[in-house]
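# Per-entry structural report
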Amino acid sequence: MSGKTASTTNSIAQARRTVQQLRIEASIERIKVSKASADLMLYCEEHAKKDPLLMGIPASENPFKDKKTCVLL
Amino acid sequence: MCDQTFLAIVFGPCDKCSNEKPLRAVYIKSEQLSYCSLCVEMDGKVIVWDSFTTNKEHAVTMPCTWVMACAYAPSGCAIACGGLDNKCSVYPLTFDKNENMAAKKKSVAMHTNYLSACSFTNSDMQILTASGDGTCALWDVESGQLLQSFHGHGADVLCLDLAPSETGNTFVSGGCDKKAMVWDMRSGQCIQSFETHDSDINSVRYYPSGDAFASGSDDATCRLYDLRADREVAIYSKESIIFGASSVDFSLSGRLLFAGYNDYTINVWDVLKGSRVSILFGHENRVSTLRVSPDGTAFCSGSWDHTLRVSTGAPGWVVCFNRKGQGQGLGQEN
C-alpha cells in the first residue's frame, strides 16, 4: 500500500473498534424467540389483573371525576 | 437531518411569541393520594402540576428558553431539567413560597450540544443524560462530576430509559442514527445494539419486566425488541399511520403500549397481538410526550397545543391542563 494518510489510519482504527464491538455483541448468549415471547406473555398474564388501564376502574374510584355537580346558570 | 435541529432552525427561541410553544417532556409521580406532573415548555419554564386539583405547584423560570428534558428525583424532592443550554440543572423542590427555586439551582451536566433527555438513577445522587452531541453520560449530582460517558451513537441521542431496578445497571438509548443501544452503566460499554428502524428513534421505554424495550420512531412505527433474544420481536404499524411516533410508554402489566404521534393522536397497541386496540383523539397539535403514571391508573400526554391531558381507564374521562394555569376538568367525551 502506498503512503497512508492520517485519515486512512483513523478510519482503520475506527474500523478496528467497530469490529471489536461487533465481536463482543456477536458473542452474547441469546435465547430463542419462542422462549422470550412466552416469557413476555407470561408476565402480561401474571400482571393483567393489577393493571388499571387494562381492566378499567369503577367510576366510584376515578380520582379525576368532577367533584361538584354542574350548575346551569 | 435529525428532527431536533430542525426544530431549532424553524422555531427559534422567542420569548414574545405566543404561538408554537411545544411541551417536550412529561414525568408523572404519585405521592400519597395526589399525582404531580412536570410540564416543560419552550418558553423556558418548568412547571410542576398537581394532577388531581390541576393547580400549579411550582414554576421555575429557566435562564434558557428551550427546555427539552425534565425528570423527577425518586424522592420527589428535586427536579432536573435542561435543553438547548447544553446543561442539566437540578432544582430542589420547596413548598416554601418565599424561597426562589431558581436561586438554588445546581448545574450538574455539561455537554457540547443540546440535552435531549435526562433521568435520575435509583437515587437522587446520580443523573443520566443524553445529548445531541451523540453521547450519554452519568453524573454525580453533588459534585457535578462526570462518572461515566457512553460513546457509540453516530448521531444525536434523543432518548434514554433506565432498566427497572430489579434487572440491574443498564439503560437503553435511541438516536438519530436509527440505532437503539443498550449500555452497561458501570463499564460504559455498549452491550447490545439494534438497528431496524428506518428513521430517528424518538423514544425508548423498557418493558415492565426489563427483558424487552419498545421504541417509537419517525418512520411511523413502534417496535418491540427483546433483550434476551437480542432481536426485534414485534412491529406496531399500520398503513394509515404515516406520522412519526414521538413518545411511547407501557401500561403496568406491559400488555398495552401507548404511543403519541405527530398526527395529533395517541394509538394504543396490544403488545402481544401487535394490533391497535384504540385511538385517542383530542389534542389539537402533535403529541410530543406521553407517560403512564407509576401506579398505572392513568397516563398523561403533552402536546404542542399547550395542554397536558391525563386520561384514565374509565372510558372518556380526560382532564385537561392548560399552561395558562386554568385546569379545566373536561367531562365525559365521546
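These numbers were taken from a predicted model, which means no experiment stands behind them. (Residues numbered from 1 in each chain as written. Chains lettered and ligands numbered in written order. Predicted model: local features only at pLDDT ≥ 70, side-chain atom pairs only at ≥ 80, totals over all residues. Heavy atoms only, no water.)

## Examining the overall build of chain A
In terms of regular secondary structure, chain A is built from three helices and zero strands. Traced from its N-terminal end to its C-terminal end, chain A shows the element sequence α-α-α. Here chain A displays about 6100 Å² of accessible surface, and carbon together with sulfur accounts for 60% of that area. (Helix = DSSP H or I, 4+ residues; strand = E, 2+ residues; numbered from the N terminus. Areas by Shrake-Rupley, 256 points an atom, 1.4 Å probe, with all protein chains shown as cover.)

## So, the state of the cysteines
In this structure the tally under the stated criterion is zero disulfides over all chains. Here Cys222(B) stays unpaired: no disulfide links it, and the sulfur of Cys159(B), its closest cysteine neighbor, is 12 Å away. (Disulfide = S-S within 2.5 Å.)

## A look at helix 2 (residues 33-47) of chain A
An α-helix turns once every 3.6 residues. As a result, residues three or four positions apart point the same way. Here helix 2 of chain A spans 21 Å end to end across 15 residues, near enough to the 21 Å set by a 1.5 Å rise per residue. For helix 2 of chain A, every residue scored as buried is listed here: Ala36(A), Leu40(A), Tyr43(A), Cys44(A) and His47(A). Each buried residue of helix 2 of chain A lies within a common arc of 95 degrees when the element is viewed along its axis, so the set occupies one face. Every exposed residue of helix 2 of chain A that faces more than 90 degrees away from the buried side is listed here: Ser34(A), Glu45(A) and Glu46(A). In the core, the buried residues of helix 2 of chain A are packed alongside strand 18 (212-217) and strand 19 (222-226) of chain B. (Expected span 1.5 Å × (residues − 1). Buried < 20%, exposed > 50% of the residue type's maximum accessible area, 1.4 Å probe, protein only. Arc of directions from axis to C-beta. Contact = heavy atoms within 4.5 Å.)

## A look at the sheet that holds strand 12 (residues 146-151) of chain B
Backbone-to-backbone hydrogen bonds join strands into a sheet, with any given pair of strands oriented parallel or antiparallel. All names here are of chain B. Overall, antiparallel pairing links the four strands, which are arranged 9-10-11-12 in an open sheet. If you trace the sheet from one side to the other, it starts and ends with strand 9 (115-120) and strand 12, each paired once. Neighbour-to-neighbour, the strand axes of this sheet turn through a mean angle of 15 degrees, independent of strand direction. In this sheet, strand 12 lies alongside strand 11 (residues 135-140) in antiparallel orientation, the contact comprising five bridges. Residue pairing for strand 12: tryptophan 139 is matched across the bridge by leucine 146. (Pairing = 2+ DSSP bridges. Axes fitted to C-alpha atoms, helices over the stretch in contact; angles between N-to-C directions.)

## Details of the sheet that holds strand 6 (residues 78-83) of chain B
All names here are of chain B. Pairing is antiparallel in the open sheet, where four strands are placed in the order 5-6-7-8. Of all strands in the sheet, those bounded by a partner on one side alone are strand 5 (67-72) and strand 8 (106-110). Mean inter-strand twist for the sheet, computed between neighbouring axes without regard to direction, equals 25 degrees. The pairing of strand 6 with strand 7 (residues 87-92) spans five bridges and is antiparallel. From the neighbouring strand, alanine 78 faces strand 7, where its bridge partner is proline 92.

## Quick look at the nonpolar core
If you look at soluble globular proteins, the nonpolar side chains tend to sit buried side by side. Ranked by size, the top nonpolar core spans 20 residues in total, and within it Tyr207(B), Cys222(B), Leu224(B), Tyr236(B) and Leu257(B) carry the most contacts. Breaking this core down by element, the ones donating at least two residues are helix 2 of chain A together with strand 18, strand 19, strand 20 (231-236), strand 21 (245-250) and strand 22 (256-261) of chain B. When neighbours within four sequence positions are excluded, Tyr207(B) is seen to be in contact with Leu40(A), Tyr43(A), Cys44(A), Pro164(B), Ala212(B), Phe213(B), Phe250(B), Ser253(B), Gly254(B) and Val271(B). (Core = buried A, V, L, I, M, F, W, Y, C linked by side-chain atoms within 4.5 Å.)

## Thoughts on the packing of aromatic side chains
All names here are of chain B. Within the structure shown, the criterion is met by 11 aromatic pairs over all chains. By way of ring pairs, the aromatic residues Phe194, Tyr206, Phe213 and Tyr225 are connected into one cluster. Arginine 286 extends its terminal NZ or CZ atom over the ring of tryptophan 304, reaching a point 4.3 Å from the ring centre. (Phe/Tyr/Trp six-rings, centres within 6.5 Å; stacked < 30°, edge-to-face > 60°. Lys NZ or Arg CZ within 6 Å of the ring centre and 35° of its normal.)

## As for the pattern of salt bridges
The final tally for this structure, using the stated rule, is 12 salt bridges over all chains. As a salt-bridge pair, Lys35(A) and Asp39(A) come within 2.9 Å of each other at their nearest N and O atoms. With a gap of four residues between them, Lys35(A) and Asp39(A) both fall in helix 2, about one helical turn apart. Note on Lys35(A): relative accessible area 45%, which makes it partly exposed. Judged by its relative accessible area of 22%, Asp39(A) is partly exposed. Through salt bridges with shared partners, one network takes in Lys35(A), Asp39(A), Asp211(B) and Arg228(B). (Salt bridge = Lys/Arg side-chain N within 4 Å of Asp/Glu carboxyl O.)

## Remarks on the UniProt feature "repeat: WD" (unreviewed entry) in chain B
Residues and elements named next belong to chain B. According to UniProt, the feature "repeat: WD" (unreviewed entry) maps to residues 108-149, 150-193, 194-235, 247-279 and 280-310 in the numbering used here. Helix and strand shares over residues 108-149 are 0% and 60% respectively, and the end C-alpha atoms of the span are 14 Å apart. Taken end to end, residues 194-235 is 0% helix and 55% strand, and its two terminal C-alpha atoms sit 13 Å from one another. (UniProt positions renumbered as here; feature names shortened; annotations may be inferred.)

## With respect to the side chain of Asn202(B)
Residue and element names in this part refer to chain B. Its location among the elements puts asparagine 202 in strand 17 (residues 201-206). Polar contacts involving the side chain of asparagine 202 include one to the main-chain carbonyl oxygen of alanine 245, which spans 2.9 Å. In contact with asparagine 202, other than residues within four places in its own chain, are Leu158, Cys159, Gly216, Ser217, Asp218, Ala245 and Ser246. (Polar contact = N/O pair within 3.5 Å; in protein donor to acceptor, adjacent residues only side chain to side chain.)

## Section: the pairing of strand 9 of chain B
All names here are of chain B. In terms of residue burial, strand 9 counts as a mostly covered element, since six of its six residues are buried. With five bridges connecting them, strand 9 and strand 10 (residues 126-131) associate as antiparallel partners. Looking at the pairing, alanine 117 lines up with alanine 130 of strand 10. Count of turn residues in the strand 9/strand 10 antiparallel hairpin: five residues.

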